[in-house]
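Listed below are the residues making up each chain.
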Amino acid sequence: MLELKNIYKVFNPGTINEKKAIQNLNFTLNDGDFVTVIGGNGAGKSTMLNLIAGVYSVDQGSILIDGENVTKKPEYKRAAYLGRVFQDPMMGTAGNMGIEENLAMAYRRGKSRGLRWGISNAERALYREKLKMLDLGLENRMTNKVRLLSGGQRQALTLLMATLQQPKLLLLDEHTAALDPKTAQKVLDITDRIVSENHLSTLMVTHNMKDAIRYGNRLIMMNEGNIIFDVSGEEKKNLHVSDLLKRFEDISSDRMLLA
Amino acid sequence: MGGILASIPGATAQGLIWGVMALGVYVTYKLLDIADLTVDSSLCTGGATSAMLILAGFHPIVSLLFAALAGMAAGLVTGFLHTRLRIPAILAGILTQLGLYSINLRIMGKSSVALLRQPVVISLGNIPMALAIGFLVIVAVIAVLYWFFGTELGCAIRATGNNRKMVRAQGVNTDSMKIIGLVLSNGLVGFAGGFLAQYQGSANVNMGRGAIVIGLASVIIGEVVFGARFNFAYQLSSIVAGSVIYQIVIAFVLQLGLSTEDMKLFSAVTVALALSIPTLQKKFTKTKIAPVAAGKE
């Protein structure tokens, strides 16, 4: 579904702030994989997602989505294949527009937009039904401006928007990190349900190691712009937070030795 | 006092004409979140185009269409500078504005042209007629804007002014949306320029100076007086009402003896005060909850 081949990305090259964010990254995500991504700050998790989405262009290497080389495609064209939810709940929705207007924007992802009316009554029925499944009461507030919603509600709505048109790949960039624990849990449950119901290929970045183990069928750990640990299936299920912590410690001690 | 009352119909007609321009400013400033300074010159480009075409024997209505097209071309240049060449929007607008000054002089061949005894669609020589035509045009423009910003494309433009990252994630080219918005906005401003030139019977190279400020004043007055609420058509209408109020206030202070040389200073101070209302409200009304801060709808 997704192939990353020999990816390199350097920020601020040639300056004192030079940062080798991604170095020779190779990664293949199989159809239907739900991969959780962990790693320390600056490990390259978010950068990897942003490179896939086309927010940044790669310095070297190629990105294939469903066999198609999208390396040179701009962000808005790649959006046809991708559903995205960001860490900041404000980022995924247009606050000054209504809930249904936001959904109508998402419903047309990957399609041409012309002078047809921006939202039809048939769509409204569909949105109402989808919102009902979130179980947040949003189906009764469809014309409310999104800025009136809480962070958790906005993330749930963004998640719905990201999957309204089935994406080839769902990118979740710490999408529960800004929420309180209870709300985060609820959004994660909704995520898990939507992903499994639609058999979505998913990359979920998280800082919560328990969640990384509990959700998905595969886990990767990143460090210094590369993948240093990749487990799936039974082996992943049997992981413990302590195993992951130990690996983190190993990395840090390596760093100490090098220093 | 009688003089003030007598000046109201004329000021209202002028407010309707400037209202078309204010709607153009609203499209960029409020919907697209870009302060586009192109309008200070594109208003004159429209006025000059319309005046010269009328003098060349074109029908005044046809000349208005070309005035709108000329404004759209100006918006396209600003859009190109901003999106393709990555020049900050405010600077891109200033550059187009400055360049247009020369172009406007070229169009007219001199700094002003008069439309003496020429056919026009609207004129201050017949105020009741000017009011009727101004009103009809405003209704038509609001209807078209209401429709356009309800379409898929219009929604994408509104969303672009709201959250560009989200819009790109939904597969929309935000650069194209900005260009369309700038073209549409300056098309309205160009049309308003042609309309204004016909109304006052002349076009001159300084006719658009401070237009952005007048546009902003109309948007803000409209929101403060009528509130940014209800539907989109109401909001658009409130801007035109804001424009009319602004022109009446101007007529009023002129009657009170403010000299025309001091007009621009008066306008600048008024708009600066109006723009600072949300901040001042927050500062001085700590106890009671401020109504939805004006200008932040």
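Scope of this entry: the structure provided in the associated data block. (Residues numbered from 1 in each chain as written. Chains lettered and ligands numbered in written order. Predicted model: local features only at pLDDT ≥ 70, side-chain atom pairs only at ≥ 80, totals over all residues. Heavy atoms only, no water.)

### Some thoughts on unusual backbone geometry
Line of reasoning, step 1. The phi torsion at A:Asp135 lies on the positive side, around 60°, for a residue other than glycine.
Line of reasoning, step 2. Take A:Asp135: it is sitting in the loop between helix 4 (121–134) and helix 5 (151–164). (Helix = DSSP H or I, 4+ residues; strand = E, 2+ residues; numbered from the N terminus.)

### A look at empty space enclosed by the protein
All names here are of chain A.
Line of reasoning, step 1. According to the stated counting rule, one finds one cavity of 30 Å³ or more in the structure shown.
Line of reasoning, step 2. What lines the largest cavity is Leu49, Asn50, Ala53, Arg84, Val85, Phe86, Leu171 and Asp173.
Line of reasoning, step 3. Among the elements of the structure, helix 1 (45–53), strand 6 (82–85) and strand 7 (169–173) are those that each provide at least two residues to the lining of the largest cavity.
Line of reasoning, step 4. It is helix 1 that provides the largest number of residues to the lining of the largest cavity, a total of three residues.
Line of reasoning, step 5. Class assignment for the residues of the lining of the largest cavity results in five nonpolar, one polar and two charged. (1 Å grid on protein atoms, 1.4 Å probe; cavity = no way out; pocket = protein on both sides within 12 Å on 5 of 7 lines; lining within 4 Å. Points joined across faces, edges and corners; volume = space filled by probe spheres on them. Nonpolar A, V, L, I, M, F, W, Y, C, P; charged D, E, K, R; others polar.)

### Focus on the nonpolar core
Line of reasoning, step 1. In terms of nonpolar packing, the biggest core is built from 110 residues, with A:Leu103, A:Leu131 and B:Phe195 touching the most fellow members.
Line of reasoning, step 2. For this core, the leading source of residues is helix 1 (residues 2–31) of chain B, giving 12 residues.
Line of reasoning, step 3. Grouped together as the second largest cluster of nonpolar side chains are 29 residues, A:Leu49, A:Ile63, A:Ile65 and A:Val205 included. (Core = buried A, V, L, I, M, F, W, Y, C linked by side-chain atoms within 4.5 Å. Buried < 20%, exposed > 50% of the residue type's maximum accessible area, 1.4 Å probe, protein only.)

### Things to note about the pairing of strand 8 (residues 202–205) of chain A
Residue and element names in this part refer to chain A.
Line of reasoning, step 1. The two faces of strand 8 match: Thr202 and Met204 on one face and Leu203 and Val205 on the other face are all buried.
Line of reasoning, step 2. Alignment of strand 3 (residues 34–39) against strand 8, held across four bridges, turns out to be parallel. Each residue of the ladder has a partner; that of Val35, found in strand 8, is Leu203.
Line of reasoning, step 3. Here strand 7 runs beside strand 8; their pairing, made up of four bridges, is parallel. Note that in strand 8 the partner of Leu172 across the bridge is Met204.
Line of reasoning, step 4. Each parallel crossover has a hand, and the one from strand 7 via helix 6 (residues 181–198) to strand 8 is right-handed. (Pairing = 2+ DSSP bridges. Right-handed = clockwise from strand over helix to strand, strands pointing away.)

### Observations concerning the layout of surface pockets
Residues and elements named next belong to chain B.
Line of reasoning, step 1. Volume-wise, the second largest pocket comes out at about 530 Å³.
Line of reasoning, step 2. Along the walls of the second largest pocket sit 22 residues, with Trp18, Ile214, Ile250, Met263 and Lys264 positioned nearest its centre.
Line of reasoning, step 3. Among the elements of the structure, helix 1, helix 8 (174–200), helix 9 (211–226), helix 10 (232–255) and helix 11 (263–284) are those that each provide at least two residues to the lining of the second largest pocket.
Line of reasoning, step 4. Sorting elements by how many residues they give to the lining of the second largest pocket places helix 10 first, with five residues.
Line of reasoning, step 5. When grouped by side-chain class, the residues that make up the lining of the second largest pocket number 12 nonpolar, eight polar and two charged.

Honestly, it's all geometry; don't read function into it.
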